[in-house]
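# Coordinates in review
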Amino acid sequence: MLNSLIALKEAISVITVEQFEFHAGGDQNDFAIWVETILLDVNCAKELRKVKTQKTAEKKVATALKKYKK
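Every chain's residues receive numbers from 1 upward, in the order its sequence appears when written. Per-residue local features are limited, in this predicted model, to residues with pLDDT of at least 70; the limit for side-chain atom pairs, both in listing and counting, is 80 or more; totals at the level of whole chains, interfaces and linings are taken over all residues. With hydrogens and water set aside, each side-chain value is computed from the structure's full complement of heavy atoms.

Counting from the N terminus, the helices are the DSSP runs of H or I reaching at least four residues and the strands are the DSSP runs of E reaching at least two. Among the structural elements, Leu 8 can be located in helix H1 (residues 5-14). For every residue, the accessible area obtained with a 1.4 Å probe (protein chains only) is divided by the maximum for its type, and the residue is called buried under 20%, exposed over 50%, and partly exposed between those limits. What makes Leu 8 buried here is its relative accessible area of 0%. For Leu 8, the residues in contact, after removing those within four places along its chain, are Leu 2, Phe 31, Trp 34, Val 35, Leu 48 and Val 61. Residues are treated as being in contact if the distance between any of their heavy atoms lies within 4.5 Å.

On to the nonpolar core, then. Throughout, nonpolar core names a set of buried Ala, Val, Leu, Ile, Met, Phe, Trp, Tyr and Cys residues whose side chains join them through atoms within 4.5 Å. Formed by 17 residues in total, the largest nonpolar core has its most connected members in Leu 5, Leu 8, Val 35, Cys 44, Leu 48 and Val 61. Sorting the residues of this core by element identifies H1, helix H2 (17-24), helix H3 (30-37), helix H4 (42-50) and helix H5 (54-68) as the ones contributing at least two each. Other than its neighbours up to four places away in sequence, Val 61 contacts Leu 5, Leu 8, Lys 9, Ile 12, Cys 44 and Leu 48.

Take Gln 54: it is sitting in helix H5. For Gln 54, a relative accessible area of 16% gives the class buried. Polar contacts here mean pairs of N or O atoms no more than 3.5 Å apart (in protein, one a potential hydrogen donor and the other a potential acceptor; neighbouring residues in sequence count only if both atoms are side-chain atoms). Of note is the side chain of Gln 54, whose polar atom sits 2.9 Å from the backbone oxygen of Ile 15.

In structure tokens:
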């Protein structure tokens, strides 16, 4: 169960390609929807909607996390 961007970054790094594609492939991106509606991070959600690979998704979340460390 995810409860933060940190948890999302960790989860993306360990799920299978099939799991990633199920949640982020096609027209709906469950990760982006969750980040936008639950964590209220519209910018991160916008970036997650653009990704095609797990590695890119992980990098986008890592970039979003940096703004919280300031």
